[in-house]
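Chain and residue survey
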Amino acid sequence: MTASLPLHALFIDGAHRPSSSGETFDDVDPTTGAVWAKVALASKDDVDRAVSSAKRALKGPWGALSAPARADLLEKIAARIVERSEEFLRAEIADTGKPAGFARAVDIPRGAANFRVFAQVLRTATTETYETPTDDGAGALMYALRQPLGVVGVICPWNLPLLLMTWKVAPALAAGNTVVVKPSEETPATASLLGDVMREVGVPDGVYNVVHGFGPGSAGEFLVEHPDVRAITFTGESRTGAAIMAKASSWVKPVSFELGGKNPALVFADSDFDAAIAGTLRSVFANCGQVCLCSERVYVERPIFDRFVDALAKGARALVAGDPWSSSTTLGPLISETHRQKVLSYYALAKNEGATVVTGGAVKDMSGAFARGAWIEPTIVTGLSDEARTNREEIFGPICHVAPFDDEDEAVRRANDTEYGLCAAVWTQNLSRAHRVARALDVGMAWVNSWYLRDLRTPFGGAKRSGVGREGGVRSLEFYSDVKTVCIKL
Ligand code: NAD
Ligand code: 6OD
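Below you will find a few notes about this structure. (Residues numbered from 1 in each chain as written. Chains lettered and ligands numbered in written order. Predicted model: local features only at pLDDT ≥ 70, side-chain atom pairs only at ≥ 80, totals over all residues. Heavy atoms only, no water.)

Some words on the pattern of salt bridges
Cut-off, in case you're wondering: A carboxyl oxygen of Asp or Glu within 4 Å of a side-chain nitrogen of Lys or Arg is what we treat as a salt bridge. Elements are defined by DSSP. Helices are runs of H or I of four residues or more, strands are runs of E of two residues or more, and each kind is numbered from the N terminus.
This model, assessed by the stated rule, comprises 36 salt bridges. In this structure, the salt-bridge partner of Glu-200 is Arg-84, at a minimum N-O distance of 2.4 Å. Of the two residues, Glu-200 sits in helix α7 (residues 189–201) while Arg-84 sits in the loop between α3 (67–83) and α4 (85–96), which places them 116 residues apart along the sequence. Through salt bridges with shared partners, a single network forms among Arg-80, Glu-83, Arg-84, Glu-87, Asp-196, Arg-199 and Glu-200.

Below you can see the structure in the form of structure tokens.
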């Protein structure tokens, strides 16, 4: 039975390879709970091999390429992802179960856009130059030179696998580095497939490597601890970020972290009601609530509170769970049974803490092939204090708590009353309020009358426990570069 399943191999030195130990682990389709593929489990030796090949590539043809030539290659990668988009789509859906409509609109095009945009950023990037006076009157010219860091370790989560991996791989390659990627153990498929693309468009061997496995005591940790990995870029839970930072600190490795959130949405009575409902439905339930930017705390100005909760609940009930390939499906499963148990424990916690369950609150019963998948009901609760654990801990599922507020200062204070600071969504038609509230929120990204609208050239990252650093546009080039100042005495 197992022998006929596809294998997601490691990708090292330009070739797909089994692990040196021959060990594999299961890749589960969360819509059915069935194993759909096997994954090569990287040993420490495999990680060493991947890092060595990445190191060699720096000294080889990759290191010799000019920035415009690297940009050309990035554009070819983008074009090839588009050409092979149905294969990427199939792989992403088999791993995550997300609706095809969502993956077709978000995951796959963004995977390509990351390469296209960072090619453009590279082509247009400038550096600082200063003319500095000197005592002899001749002066000096000082300029900053961006040079690659070396081998970069890229550690990724499972929620937007191709999108979030390429968001880091593309700028790392643009800056002239080579990478070793450790995709999430839940979603290995698209990282392996990208290896094919790299080969097809002529990216030199060793520039892009993939090692599959887990975190502690496995490929993730081996990568962080590898002395030849010069920097770690990581997206995932804040707790994991702390563990990685502790390990990386012994080598004083630079880290860039995009971490968890407990994001607020603030809905003012002067908002466009229908737009606020449509936007909040997206910000709570997109990707089954498994986007780090999802709103889990919704604050609504009291005069519209009841109407808002009713309309939001109506929208939640209208979500259609089912076959990811059906055009009517709008709600996928959670990523795994383990994650479903975690989210269900929060549904139980909310009830124990005294919440009123407006809609949902349970497993979603599915039939036929989907009966054993990780399905769950979209859920809205009300009536909890801001101190309730439901309102303080990241759940990462299709649930929000909705609470009323009476004035702007209160809404901002409560929105900021969290250890996280990733993003917020603000719904208002009052322009002054929009600017005021956006400025007052302790977050890395404040959306006004929108959510997850991204220009990849702008800074992205989290405040407080939601991240370290900002990536996006030239900021990514800065993180992935050793910036050297050259002083020429004239
Ligand atoms: P996770 O932290 O469990 O795992 C992320 C990756 O880290 C996986 O590849 C995992 O194998 C690896 N890992 C785990 N422990 C490790 C260790 N000790 N050393 C090295 N690697 C290790 O996160 P997840 O469950 O995959 O993703 C969900 C989380 O990610 C949520 O908290 C979500 O908010 C966050 N997230 C944040 C952003 C953002 O942009 N801020 C984006 C997506 C997801
Ligand atoms: O769009 C992005 O670049 C980005 N980093 C999104 C993060 C989504 C979190 O799940």
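After that view, the rundown keeps rolling.
Digging into the nonpolar core
What counts is decided by this rule: Take the buried Ala, Val, Leu, Ile, Met, Phe, Trp, Tyr and Cys residues and link them wherever side-chain atoms come within 4.5 Å; each set so joined is a nonpolar core. For every residue, the accessible area obtained with a 1.4 Å probe (protein chains only) is divided by the maximum for its type, and the residue is called buried under 20%, exposed over 50%, and partly exposed between those limits. Here, residues are in contact when the closest pair of their heavy atoms is within 4.5 Å.
Counting residues in each nonpolar core, the largest one holds 94 residues, and the members touching the most others are Ile-77, Phe-115, Leu-194, Tyr-208 and Leu-293. Discounting chain neighbours no more than four positions away, the residues touching Leu-194 are Ile-77, Ile-81, Phe-88, Phe-115, Met-165, Thr-166 and Tyr-208. Listed in part, the 24 residues of the second largest apolar core include Ala-50, Val-151, Phe-222 and Ile-244.

A few points about the sheet that holds strand β4 (residues 24–29)
What counts here: A strand pair is defined by DSSP finding two or more bridges across the two strands. Angles here are taken between N-to-C directions and fall from 0 to 180 degrees, while the axes themselves are lines fitted to C-alpha atoms, restricted in helices to the stretch in contact.
Pairing within the open sheet is mixed, and its three strands lie in the order β1-β5-β4. Each of the sheet's edge strands pairs with one partner strand only, and the pair in question is β1 (7–8) and β4. Seen against the sheet, α4 touches β4 and β5 (34–40) and runs at an angle of roughly 90° to β4.

Structural notes on the site of ligand 1
This is how it is decided: Only heavy atoms are used to decide nearness, and a residue is near a molecule or strand if one of them lies within 4 Å of it. Identification of polar contacts relies on pairs of N or O atoms within 3.5 Å, with a donor-acceptor requirement for protein atoms, meaning one able to donate a hydrogen and the other able to accept it, and with residues adjacent in sequence counted only if both atoms are side-chain atoms. The method behind every accessible area is Shrake-Rupley, applied with a 1.4 Å probe, and residues are considered shielded solely by the protein chains displayed.
In the vicinity of ligand 1 there are 29 residues, among which Lys-182, Glu-185, Thr-240, Leu-259 and Glu-394 approach most closely. At a separation of 3.3 Å, an oxygen atom of ligand 1 approaches a polar side-chain atom of Glu-258. Here an oxygen atom of ligand 1 and a side-chain polar atom of Glu-394 are 2.5 Å apart. Computed on the free molecule, ligand 1 has an accessible area of 850 Å², of which 91% lies beneath the protein chains in the complex. Contributions of two or more residues to the shell around ligand 1 are made by α8 (219–225), β11 (229–235) and α9 (238–249).

Some remarks on the site of ligand 2
Counted only if it meets this: Throughout, the ten residues Ala, Val, Leu, Ile, Met, Phe, Trp, Tyr, Cys and Pro are labelled nonpolar, Asp, Glu, Lys and Arg are labelled charged, and all others, Gly among them, are labelled polar.
If you check the shell around ligand 2, you find 13 residues, and the closest are Arg-110, Asn-159, Cys-292, Tyr-452 and Arg-454. A distance of 2.6 Å separates an oxygen atom of ligand 2 from a polar side-chain atom of Asn-159. For ligand 2, a nitrogen atom lies 3.3 Å from a polar atom in the side chain of Glu-258. Considered class by class, the residues forming the shell around ligand 2 number nine nonpolar, one polar and three charged.

Some points on the environment of Val-267
By the element assignment, Val-267 lies in strand β13 (residues 263–267). For Val-267, a relative accessible area of 0% translates into the label buried. With residues up to four places along the chain from it excluded, the contact list for Val-267 reads Ala-276, Thr-280, Val-298, Tyr-299, Val-300, Glu-301, Ile-304, Phe-308, Phe-405 and Trp-427.

What to know about the sheet that holds strand β20 (residues 445–448)
In space, the seven strands of this open sheet follow the order β15-β16-β17-β14-β13-β19-β20, with mixed pairing throughout. The open sheet terminates on both sides in strands that have one partner only, identified here as β15 (356–359) and β20. Direction aside, neighbouring strands of the sheet carry axes that sit 25° apart on average. With three bridges connecting them, β13 and strand β19 (residues 423–427) associate as parallel partners. Along β19, the bridge assignment pairs Ala-265 with Ala-425. Along the sheet, helix α13 (residues 408–416) contacts β13, β14 (295–301) and β17 (399–405); its crossing angle with β17, the most-contacted strand, is approximately 150°.

Some words on unusual backbone geometry
Of note, the phi angle at Asp-13 is positive, near 55°, even though the residue is not glycine. Considering the arrangement of structural elements, one finds Asp-13 in the loop between β2 (10–12) and β3 (15–17). Looking at Asp-13, the relative accessible area reads 26%, which means it is partly exposed. For Val-252, which is not glycine, the phi dihedral falls at a positive 50°. In this structure, Val-252 sits in the loop between α9 and β12 (255–258). The class of Val-252 is exposed, set by a relative accessible area of 70%.

Notes on helix α12 (residues 337–352)
Let me state the cut-off plainly: Here the expected span of a helix is defined as 1.5 Å times the quantity of residues minus one.
With 16 residues, α12 ought to run about 22 Å at 1.5 Å a step, and its terminal C-alpha atoms sit 22 Å apart, in line with that. Residues His-339, Arg-340, Val-343, Leu-344, Tyr-346, Tyr-347, Leu-349 and Ala-350 constitute the buried set of α12. Those residues of α12 that are buried are in contact with β16 (379–382) and β17. Directly after α12, the chain includes Gly-354, whose backbone phi takes a positive value near 100°.

Section: α9
Applicable threshold: Here the arc refers to the set of directions running from the helix axis out to each C-beta atom.
With twelve residues, α9 should reach 16 Å at 1.5 Å per residue; the first-to-last C-alpha distance of 16 Å fits that figure. Every buried residue belonging to α9 is among Ser-238, Gly-241, Ile-244 and Ala-248, and all of these are buried. Taken end-on, α9 shows its buried residues confined to a sector of 115°, consistent with a single buried face. The exposed set on the far side of α9, more than 90 degrees from its buried face, consists of Arg-239 and Ala-246.

None of the figures reported here should be taken as evidence of function without further support.
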